[in-house]
Structure formats: C-alpha cells, structure tokens
Amino acid sequence: MRHATGLAIALALLLRGPDAGSQTPRRVVRVSAERFAFTPSQIVVDAGEEIEMRVSSDDTAHGFHIAGTSVNVVIPKRGRGEVSVTFRAPEPGRYVFECTRMCGAGHHFMRGELLVRNPSANQSRK
Amino acid sequence: MTTQNMKFGSSICIWLLLTSSAALAQPAISEGPTSATGPISGYMDFHFNKGEAEDGVLDFHRFVLIVNHSFTPRIRFVAELELEHAFIEGLEESGELELEQAYVDFLLTRSFNVRAGMLLVPMGIINERHEPPVYMGVERPFVDTVIIPTTWFENGAGLFGEIGRGFRYRAYVMAPLNALEFSADEGIRNGRQKGSRSDVRNVAYTGRVEWVGVPGLTLGASAWSGKSSFLAPRLDVQVRVGEADVRYRRNRLEVRGEFAQVWIDDAERLNLTAGQLTGVSPNIARQLRGFYAEGAYRVWQRGPGRDLVGFARYENFDTQFRMPSGFIPLKQFDRDAWIAGAAYFPDPDIAVKVDYVWQRSLSTVVIAPNGFNIGIGWWF
C-alpha cells in the first residue's frame, strides 16, 4: 500500500511538469498602442520567462503580432479594454513585434522589438 | 451668416448628433474585440463650411482608400488613393484624384529599413497622421496648409527605423518643389509636383526625428531642403523647411504645438523671373513662418469609446514673414486665427465635429473671413 502511494505521488509530480515546485512569477508587461507607435517599443525579457502582455489602444484597433511566436491578437479600440496574451519567452534573440491591422498612413512604422536574453549569461555577468 | 444658412447648419448638426446617438441607443450588439475590417481601409471627410457673408457649402472633402499587400513578411506594399471634393472635371478647378502614397517597404532590421515609391514628406504633425479622428477641427490647421503644404507627397526613396531609447527617424531623397508655382497667399503649396512626371534635375533631402520615449509624449523635428528652380536654369532657388512639434496626452487632456518656417533663397530673382514669364509678380517671400498651440479636453466619457472632446487652438501664420529687398509684404497675409469647437466620438473611429473660426489679418482692407464648420469624418 505504501509503495502504491509513493508511486502515485511520483507519477503526479512527473505529470505536473518540470517547472512544478519552481513557480517563477509571471511577468506582466503593459504595452500601449497608438497611431503609429507602441510604447514601450523595446521589451527585454529572459528566455523561458513566462510573460503576460496586456496591450491596450489609445485610438483605433490595432494588431499585435510577435514574429516567430504564436502571439497574434487584435487590440480593441480605445475604451474597450485591453487584450491579454500569455506566452513563454522563446530562445534568446531579437523578435520583431508589429501592428498587423492597417491603421493609417504610417501603419508600417508601427513596430517594436522583443529582446530575449539568455538568463544564464546574465547571471554570469553579475 | 444668414439666418437661413445658420438654420441649415444647425439642422445638420442636430441630425448628425441624433443619428449617432440613436445608433448607440440600440440594444447592444455582441461584437468581437473590434469591428470587422476588410482588405481595403481608408477614411472619409464630409463637411459643411459657412464663411462669413458667404453661402454655405456642403463638400464631400475626402474619399480615401488604402490598400496593402505583403509579398513576404519583409516586403510590403501600401497605396493611398484620394478623391478630393467628390468630382473631377478636366481643365476645371473642381476635385482632384491623387495618388498620395504608393510604396514598397523592405523591412530589414529595427533600425534600418528601406522605402521607395510615392511617399509622404515626413514633416510636422498632420502630414503623416491625417486621419480625421486624430486631429481636432473640421479642417486641418492653417499652419499645416499654407506653411507646411499637407498633404505633401512626392516620389522618392529612403530609410526609416528606430534607433533605441524611443528615437525614430525617416530620411528620404525626393523630387523637389517647383518654385515658379509658389504664391503670396499659399506659400510653397502650389509648388508640389505631386509625383506626376516630377522633374528631378535636382533632388530634395528630407528627414524627421521623433522621440516617443515617454507614454503619451511625442517630440518631433523635421527638415526639408532642395533646389527648386529647375524650370529656370539660371535661378538658384534653394528652399528649406524646418519644423518642430510636440504632442502630449495625459488622462483627459491633450495638448499639441507646432512651429514651422520656410526659407526661400534668391526670392528676389524668383519674383522677377516669374513676373517675366506670367506678366504678374507673384510677390513671393524669402521667409514664411507659422505656429500653433492647441488644447483639447475630454469633457464627457460614456460607455466603450464614446467621448465628447472640447478644444481650442490658436494659430499664427504669415506667408510673407520676410520679403526680399525691393518687395513689400502685404498685410493681409499676416494672419492669425482662433478655432474653438467640439468633437463627438460615437466610436473611436468616427468623429462628428463642430467648430467656429475667428480669423484676423493685419490688413484693414482685405478682411479674413470668420467661418462656421460642421463635419463628420471616419476611419475604417
């Protein structure tokens, strides 16, 4: 009976995944969109970090897409709340994020950068 | 303003407000995070203008369609086709059909991207940001009309990008202005070649730097320089335009300001040459200057994205700020204006606008007319 209980606990721990027990807090990043800029336009995160982006608009509806990731959402118009998207930061590198919904004459200026750092490299620098 | 025209203007205003309010009074329709949009975007601008001692005019001022296409994620195309004043008739002054933008972007890095085709000159607040819901007033500011000739577009190519810490830039080489078309009252406006077989014996260089490092704040500075006398080879008319602007929004308040100045070298010979060609001296200045300051306050907010904004703007603009020697400035071109009004947004993409313009000039002979305007503009 004791063996069966131990086995069940071990199985449950395995099924919970590798980050169970090492609950790193989810990082919330707020981004504001307005013709024709994102603020901030550069976001720095660590690889593997869980990110929750809360994006709102100060005017019309915009798109928010991070190239190379599955993040691709519509930001509602001003006064209609924000869109929240949660994802795990990908491999270290530079990822462009951009508006994907035509928003005016300067639509293509509306871009930014997600800079993903290697956390171990950062620690070694410290 | 006659009683009849006043009644007509008031009727339009009431009708617009009732229509937009009635639409909002309908039971809430479930909608997604945003309204639907198709492959074509654009904006429209429909106005009623009533100048003092003039008949009222109903004008479908702008009908603009924007199309875009991505060849690849890094190579994209955008075009903006504009029909002004609803109707075009050959050889008569009526409407205009303009290709205001048609370019291909090659998106390389955050700081370095290439653009070529028909481009907007990166100058001032309005020229690149002219959708009706984003500015106050039925008509665009005077400074952005007679000092900076919006919408100012031309063939060219150049670079753009963001260089970190909130700094963004555009730098283009473009076709120049045609100085022989400059005028006393509208400055360099009629000198735009508008990308129609533009003469590029000389070229112009233009650029803009913006800082958007603080939420709600945009600081910008723009410059343009080009030899503009290609039709008269012995002239050497270098034209330079300098501009600085600020926009700041915090909670319900938004303020903006702009200063622009134009320098025209060799304006004396330009006047003499133009006078010989046409028989009339255009009396073109060697410097033009204009500035404005505007405050807008969101006085009422109700429901999702429904707002009423009140605003006031002061403008000072002089298309004969400094004259070449031997030429006298006409006082009627030294003008200023107060514009006060309101904009109701039944949706963030629709603006129902009302304003009144008090215009003055230093002339006691030629009186600048006051005016009453109503408009509805929308982006889709």
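Please refer to the structure placed before this passage.
Description of the structure in this document. Because the structure is a prediction, the values reported are computed rather than measured.

Residues and elements named next belong to chain B. Evaluated as defined, the whole model comprises 14 aromatic pairs over all chains. Taking 5.2 Å as the distance between ring centres and 40 degrees as the angle between the ring planes, the aromatic pair formed by Trp152 and Trp224 counts as tilted. Here Trp152, found in the loop between helix H2 (143–147) and strand E6 (153–164), pairs with Trp224, found in strand E9 (residues 217–227); they are 72 residues apart in sequence, far enough to count as distant. According to the relative accessible area criterion, Trp224 is buried, its value standing at 2%. Here the aromatic rings of Phe167 and Trp211 are separated by 6.4 Å at their centres, their planes lie at 45 degrees, and the arrangement is tilted. Here Phe167, found in strand E7 (residues 167–174), pairs with Trp211, found in strand E8 (residues 204–211); they are 44 residues apart in sequence, far enough to count as distant. Taking relative accessible area as the criterion, Phe167 reaches 35% and is therefore assigned partly exposed. Taking relative accessible area as the criterion, Trp211 reaches 23% and is therefore assigned partly exposed.

Time to look at the sheet that holds strand E1 (residues 27–34) of chain A. Residues and elements named next belong to chain A. The 4 strands lie next to each other as E2-E1-E4-E7, forming an open sheet whose pairing is mixed. Where the open sheet ends on each side, the last strands, each with one partner, are strand E2 (37–39) and strand E7 (82–88). Pairs of neighbouring strands in the sheet enclose a mean axial angle of 25 degrees, with direction left out of account. The pairing of E1 with strand E4 (residues 50–57) spans 7 bridges and is classified as parallel. Counted as the bridge partner of Val29 is Met53 from E4.

Before going further, it helps to spend a moment on the pattern of salt bridges. All names here are of chain A. In total, this model carries 39 salt bridges over all chains according to the counting rule given. The salt bridge involving Arg27 is made with Glu49; its shortest N-O contact spans 3.3 Å. With Arg27 in strand E1 and Glu49 in the loop between strand E3 (42–46) and E4, this pair connects stretches of sequence that are 22 residues apart. Relative accessible area serves as the criterion here: at 32%, Arg27 is assigned to the partly exposed category.

Take the side chain of Arg129(B) next. Within the secondary structure, Arg129(B) sits in the loop between strand E5 (113–120) and H2. Given a relative accessible area of 7%, Arg129(B) falls into the buried group. A polar atom in the side chain of Arg129(B) sits 3.2 Å from the side chain of Glu34(A). Apart from residues no more than four positions distant in its own chain, Arg129(B) is found in contact with Glu34(A), Arg35(A), Phe36(A), Asp59(A), Val134(B), Arg247(B) and Arg256(B).

This model, assessed by the stated rule, comprises 5 cavities of 30 Å³ or more. Computed from the structure, the largest cavity encloses a volume of approximately 310 Å³. Counting residues per element, the ones that place at least two in the lining of the largest cavity are strand E10 (238–250), strand E11 (253–264) and strand E12 (287–302) of chain B. The element contributing the most residues to the lining of the largest cavity is E12(B), with 4 residues. Looking at the lining of the largest cavity residue by residue, the class counts come to 9 nonpolar, 1 polar and 13 charged. Lining of the second largest cavity is provided by Val96(A), Phe109(A), Arg111(A), Gly112(A), Arg110(B), Asn113(B), Phe160(B), Gly161(B), Glu162(B), Arg168(B), Tyr169(B) and Arg170(B). Listing elements by their share of the lining of the second largest cavity, those giving two or more residues are strand E9 (111–117) of chain A together with E6 and E7 of chain B.

Here we take up the pairing of E1(A). Residue and element names in this part refer to chain A. Of the pairings in the sheet, the one linking E1 to E2 comprises 3 bridges and is antiparallel in character. Counterpart to Ala33 in the pairing with E2 is Phe38. Count of turn residues in the E1/E2 antiparallel hairpin: 2 residues.

Moving on, we get to the environment of Arg313(B). All names here are of chain B. Among the secondary structure elements, Arg313 is positioned in strand E13 (residues 306–322). Taking the C-alpha atoms as reference points, Arg313 and Phe71, 242 residues apart in sequence, are found 43 Å from one another. With near-sequence residues (within four places) excluded, Arg313 lies in contact with Met136, Glu139, Arg140, Pro141, Tyr292, Ala293, Glu294, Ala337, Trp338 and Ile339. Within polar-contact distance, the side chain of Arg313 engages the backbone oxygen of Met136 at 3.1 Å. Within polar-contact distance, the side chain of Arg313 engages the side chain of Glu294 at 2.7 Å.

What follows concerns the interface of chain A and chain B. Between chain A and chain B, the residue contacts involve 28 residues of the former and 45 residues of the latter. Between chain A and chain B the total buried area reaches about 3200 Å² when both faces are included, carbon and sulfur atoms providing 46% of it. With a closest N to O distance of 3.2 Å, Glu34(A) and Arg129(B) form a salt bridge. At the boundary of chain A with chain B, the tally comes to 15 residue pairs in polar contact (both at pLDDT 80 or more). Breaking the side of chain A that touches chain B down by element, the ones donating at least two residues are E2 and E9 of chain A. Within the side of chain A that touches chain B, the residues separate by chemical class into 9 nonpolar, 8 polar and 11 charged.

With that settled, consider a nonpolar patch on the surface. Residue and element names in this part refer to chain B. On the surface, a cluster of nonpolar side chains totalling about 480 Å² of accessible area is made up of Leu253, Val255, Tyr297, Val299, Trp300 and Leu308. Listed by contribution, the elements that provide at least two residues to the nonpolar patch are E11 and E12. The leading source of residues in the nonpolar patch is E12, at 3 residues. Inspection of the secondary structure puts Leu253 in strand E11.

Counting residues in hydrophobic clusters, the biggest one holds 85 residues, and the most contacted among them are Met53(A), Phe64(A), Leu114(A) and Ile264(B). Counting residues per element, this core draws most heavily on strand E14 (residues 334–347) of chain B, at 4 residues. The residues contacting Ile264(B), other than those within four sequence positions of it, are Phe182(B), Ile188(B), Val237(B), Gln238(B), Val239(B), Leu270(B), Ile284(B), Ala285(B), Arg286(B) and Leu288(B). Of all hydrophobic cores here, the second largest spans 6 residues; its members include Ala79(B), Ala102(B), Leu120(B) and Phe153(B).

Further remarks concern unusual backbone geometry. Put simply, Arg35(A) and Phe36(A) share a cis peptide bond, and its omega is -5 degrees. With an omega of -5 degrees, the peptide bond between Thr150(B) and Thr151(B) qualifies as cis. The topology assignment puts Thr151(B) in the loop between H2 and E6. One non-glycine residue, His85(B), lies in the positive phi region at around 65 degrees. Following the sequence through the fold, His85(B) ends up in the loop between strand E3 (75–84) and strand E4 (96–107). Positioned with a positive phi, Lys194(B) is a non-glycine residue whose angle comes to about 55 degrees.

What counts and what doesn't
Note that residues are indexed from 1 along each chain, following the sequence as it is written. Chain letters and ligand numbers both follow the written order, the letters beginning at A and the numbers at 1. The model is predicted, so local features are restricted to residues of pLDDT at least 70 and side-chain atom pairs to those at 80 or more, both for listing and for counting; the totals for chains, interfaces and linings are taken over all residues. Water and hydrogen atoms play no part in the side-chain values, which are based on all heavy atoms of the structure. Centres within 6.5 Å make a pair out of two Phe, Tyr or Trp rings, where for Trp the six-membered ring is used; the pair is then stacked when the planes are under 30 degrees apart, edge-to-face when over 60, and tilted otherwise. Per the convention used, a helix needs a DSSP run of H or I reaching at least four residues, while a strand needs a run of E reaching at least two, with both numbered from the N terminus. For the exposure calls, accessible area comes from a 1.4 Å probe over protein chains only, and a residue counts as buried if that area is under 20% of its type's maximum, exposed if over 50%, partly exposed in between. For two strands to be treated as a pair, DSSP must find no fewer than two bridges joining them. The axes are straight lines fitted to the C-alpha atoms, using for helices just the contacting stretch, and the angles between their N-to-C directions are given from 0 to 180°. Just to be clear on terms, a salt bridge is a Lys or Arg side-chain nitrogen sitting within 4 Å of an Asp or Glu carboxyl oxygen. Polar contact criterion, stated in full: a pair of N or O atoms within 3.5 Å, where within protein one must be able to donate a hydrogen and the other to accept it, and residues adjacent in sequence count only if both atoms are side-chain atoms. By the convention used here, residues are in contact when the closest approach between their heavy atoms is within 4.5 Å. Lining residues are defined by having an atom within 4 Å of a point belonging to a cavity or pocket. Those points lie on a 1 Å grid over the protein atoms alone, cavities being sets where a 1.4 Å probe fits but cannot get out and pockets being open sets with protein on both sides within 12 Å along at least five of seven lines. Grid points are joined across faces, edges and corners, and a volume is the space filled by probe spheres set on the points. Polarity classes work like this: nonpolar for Ala, Val, Leu, Ile, Met, Phe, Trp, Tyr, Cys and Pro, charged for Asp, Glu, Lys and Arg, and polar for all others, with Gly in that last group. What gets called buried area is simply the loss in accessible area from a 1.4 Å probe that two parts show on being joined, summed for both. Like-charged residues within 9 Å of one another, or nonpolar side chains (Val, Leu, Ile, Met, Phe, Trp, Tyr) within 5 Å, are grouped into patches, provided each residue has over 30% relative accessible area and no salt bridge. To measure how exposed things are, a 1.4 Å probe is used in the Shrake-Rupley method; for residues, cover is taken only from the protein chains shown. Among the buried residues, those of types Ala, Val, Leu, Ile, Met, Phe, Trp, Tyr and Cys that are joined through side-chain atoms within 4.5 Å form a nonpolar core.

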